[in-house]
Amino acid sequence: MERKIKLGLFGFGCVGQGLYNVLHQTMGINAEIKRICIKHPEKKRPIDAGFFTTRRDEILNDPEIDVVVELIDEVDAAFEIVSAALRKKKAVVSANKKMIAENFEALLNLQREYNTPFLYEASCCASIPVIRNLEEYYDNDLLTSVEGILNGSTNYILTHIFEHGQAFDEALKKAQELGYAESDPSLDVKALDPKYKLLIILVHAFGILLKPDDIFNYGIQNLKDADIRHAREKNACIKLVAKCKKMDNKVFAYCMPRFVSLSDTLNKVTNEYNGLLMEGAFSEHQFFMGKGAGGNSTGSAVLSDISALTYQYRYEYKKLNQHLNYGFTQDIDLEVYVSYNEKVKPNQRDFVSISVKHESPGFNYLIGKINLARLKQCDWLQNESVNMVLTENNY
Ligand SMILES: NC(=O)c1ccc[n+]([C@@H]2O[C@H](COP(=O)([O-])OP(=O)(O)OC[C@H]3O[C@@H](n4cnc5c(N)ncnc54)[C@H](OP(=O)(O)O)[C@@H]3O)[C@@H](O)[C@H]2O)c1
């Protein structure tokens, strides 16, 4: 009989426990967890205490352990663990998008230098198979755009605001209770989490490797009741959308809230679900939807990576290696809605053009075109009394 793959697991929180559950309910995979490294030994665990350790080396130095599964919520410690495992030629699976996005180049080099696979499907859209799809199915230069809802926690919040009339804080609390939010929820609401995922997608979709600071992100933390009413009056809701698109051999990317009309495909993506629209020159539009957060759904993507390792799968980074040489651009004009109060007004000189200006007691907004590169420099946008949402009239 084939030898069972031995797993060394780091982290036994929402996703770690999800992996444990799905592994024990999946017959077709010949793998078992040998040891679990956690941070707080005093915590009560739902499984045998004999599994647990706080000493990393009990996993990293165990020659019996074939695969290290990194599912912790710390970035620096995760990078140390993943690097050490790859150096010891142990295959690694991770769901840690922040760690991956911040260290992409170093992780690529480690994989090459130690000729050891590193898989991270769960890091992008949890249960939706996006990375392997981009690598294997869209293995050509005909892909033109990838856009979607990549953050389950904010999508849950926005769904509960628009469909159930819930207050922002109440919806966030519920998302946290259900295990959909990051340990630091500002990563979700300020659109950093979907930006890290978009950075990973850019590598596998277009062969473009960026640093997180290169991509503009704007979250939903300043959303006001007036913005919600405005969306409703236009028969729309608001979704936090991440997008990258190729135009004339240049690719732009951003993460921002957008008005989405009730008939739009993205409006079908509710609660903790993620949705992804791929556009190709000939395949045209394709839509993927699935759970974007939660223990078991994320655990199932982690298990799928573990299974892929059993048949020696590894990312070939086809788009990077094809040297497609697409340039990255931020020179693109976007139409935005900006609401503000009397004290902090958007600087109109920042706009290429303004088509609507509405000022009434307690509610002011404008709609205008602004350059993506310029958005990064607008101080007024950082003020919490200002809120910005992309209109539907955009690329
Ligand atoms: N939750 C989701 O829906 C979801 C979806 C996709 C991806 N992810 C990613 O998956 C990862 C885990 O998320 P989670 O929601 O499972 O987090 P979590 O519930 O907060 O659990 C984190 C786990 O990591 C352990 N840990 C933290 N620092 C450690 C260290 N230095 N050494 C060893 N163990 C350490 C904690 O130990 P203690 O138990 O002792 O505290 C805990 O078991 C994150 O990178 C997250 O971004 C999460």
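Everything here concerns the structure above.
First, a word on what this report is: a plain description of the structure on this page. (Residues numbered from 1 in each chain as written. Predicted model: local features only at pLDDT ≥ 70, side-chain atom pairs only at ≥ 80, totals over all residues. Heavy atoms only, no water.)

Helix and strand counts for the protein chain stand at 15 helices and 17 strands. Taken over the C-alpha trace, the protein chain has a radius of gyration of 22 Å; the compact-globule value for 395 residues is 21 Å, and the two agree within 12%. By principal-axis analysis of the C-alpha atoms, the protein chain measures approximately 70 × 50 × 35 Å. A total of 395 residues make up the protein chain; the buried ones form 58% of that total. Excluding contacts between residues fewer than 6 apart, the proportion of contacts in the protein chain whose partners are at least 24 apart in sequence is 73%. Carbon and sulfur atoms make up 46% of the accessible area of the protein chain, which totals about 17,300 Å². Separation between the mean location of the 47 positive side-chain charges and that of the 52 negative ones in the protein chain comes to 1 Å. (Helix = DSSP H or I, 4+ residues; strand = E, 2+ residues; numbered from the N terminus. Rg over C-alpha atoms; globule rule 2.2 N^0.38 Å. Buried < 20%, exposed > 50% of the residue type's maximum accessible area, 1.4 Å probe, protein only. Contact = heavy atoms within 4.5 Å. Areas by Shrake-Rupley, 256 points an atom, 1.4 Å probe, with all protein chains shown as cover. Lys, Arg positive; Asp, Glu negative; His and termini not counted. Charge placed at Lys NZ, Arg CZ, Asp CG, Glu CD.)

Here we come to the site of the ligand. Near the ligand there are 26 residues, and of these V15, H40, K43, R45 and G294 occur at the shortest range. E74 is positioned such that a nitrogen or oxygen atom in its side chain is 3.1 Å from a nitrogen atom of the ligand. Taking K97, its side chain carries an N or O atom lying 3.3 Å from an oxygen atom of the ligand. Protein coverage of the free-state accessible area of the ligand, which is 910 Å², stands at 89%. The residue inventory of the shell around the ligand, partitioned by class, reads eleven nonpolar, eight polar and seven charged. (Near = heavy atom within 4 Å. Polar contact = N/O pair within 3.5 Å; in protein donor to acceptor, adjacent residues only side chain to side chain. Nonpolar A, V, L, I, M, F, W, Y, C, P; charged D, E, K, R; others polar.)

Of all hydrophobic cores here, the largest spans 118 residues; its most connected members are V69 and I306. The element best represented in this core is helix α11 (residues 192-206), accounting for nine residues. Among residues more than four places away in sequence, those in contact with V69 are L7, G8, L9, F10, L19, V93, V302 and I306. Grouped together as the second largest cluster of nonpolar side chains are 22 residues, F216, L334, L375 and L390 included. (Core = buried A, V, L, I, M, F, W, Y, C linked by side-chain atoms within 4.5 Å.)

Structurally, F52 is set in strand β3 (residues 52-53). Through-space distance from the C-alpha of F52 to that of A31 is 18 Å; in sequence the pair is 21 residues apart. Those residues in contact with F52 that lie beyond four places of it in its chain are F12, R35, I36, I38, R45 and I47.

Per the stated rule, a full pass over the model turns up 17 aromatic pairs. Considering the side-chain rings of F12 and Y20, the 5.9 Å spacing of their centres and the 85° angle between planes classify their relative orientation as edge-to-face. Judged by its relative accessible area of 4%, F12 falls in the buried class. Their ring planes at 85° and their centres at 6.3 Å tell us that F104 and Y317 sit as a pair that is edge-to-face. (Phe/Tyr/Trp six-rings, centres within 6.5 Å; stacked < 30°, edge-to-face > 60°.)

The next thing to look at is the pairing of strand β5 (residues 91-94). On any regular strand, side chains alternate: one points to one face of the sheet, the next to the other face. Neither face of β5 is left uncovered, since the one carrying A91 and V93 and the one carrying V92 and S94 both have all their residues buried. In this structure, strand β4 (residues 67-70) lies alongside β5, joined through four bridges in parallel fashion. Across the sheet, the residue bridging to V67 is A91, located in β5. Following the backbone out of β4, through helix α3 (residues 75-87) and into the adjacent parallel β5, one traces a crossover that is right-handed. In this structure, β5 lies alongside strand β6 (residues 118-119), joined through two bridges in parallel fashion. Residue V92 lies in a different strand from β6, and its bridge partner there is F118. (Pairing = 2+ DSSP bridges. Right-handed = clockwise from strand over helix to strand, strands pointing away.)

Here we come to the sheet that holds β3. The strand order across the open sheet built from six strands is β3-β2-β1-β4-β5-β6, with neighbouring strands paired in parallel fashion. This sheet does not close on itself; its edge strands, each paired only once, are β3 and β6. Against the sheet, helix α1 (residues 14-24) contacts β1 (5-10), β2 (31-37) and β4, and its axis sits at roughly 160° relative to β2. Contacts from helix α13 (residues 295-310) reach β1, β2, β4, β5 and β6, with the element oriented near 160° to β5. (Axes fitted to C-alpha atoms, helices over the stretch in contact; angles between N-to-C directions.)

Its location among the elements puts Y315 in the loop between α13 and α14 (318-321). Linking Y315 and I131, residues 184 residues apart in sequence, is a C-alpha distance of 8.9 Å. In contact with Y315, not counting residues within four places along its chain, are F118, L119, Y120, E121, I131, R132, E135, H204 and D305. A polar contact is formed between the side chain of Y315 and the backbone nitrogen of E121, at a distance of 3.4 Å.

Restricting attention to buried positions, one finds in helix α12 (residues 225-233) the residues A226, D227, I228, H230 and A231. Contacts from the buried residues of α12 go to α8 (152-164), β9 (236-247), β10 (250-261), β14 (333-340), β16 (363-371) and β17 (387-390). A positive backbone phi angle near 55° is found at N235, which sits one or two residues after α12.

On to the packing of α1 against α13, then. Running from N to C, α1 and α13 cross one another at 65°; their axes reach a closest spacing of 7 Å. Compared by their axis directions, α1 and α13 come out roughly perpendicular. Classified by chirality, the crossing of α13 by α1 is right-handed. Facing C14, V15, G18, L19, N21, V22 and L23 of α1, the residues of α13 in contact are G295, N296, T298, G299, S300, V302, L303 and I306. (Parallel < 35°, antiparallel > 145°, perpendicular 65-115°, else oblique. Left-handed = near helix turned anticlockwise from the far one by under 90°.)

We now examine α3. In this model α3 runs 18 Å from its N-terminal to its C-terminal C-alpha over 13 residues, within 8% of the 18 Å that 1.5 Å per residue would give. Listed in full, the buried residues belonging to α3 are V75, A77, A78, I81, V82, S83, A85 and L86. Directly beyond the C-terminal end of α3, a positive phi value near 60° is found at K89. (Expected span 1.5 Å × (residues − 1).)

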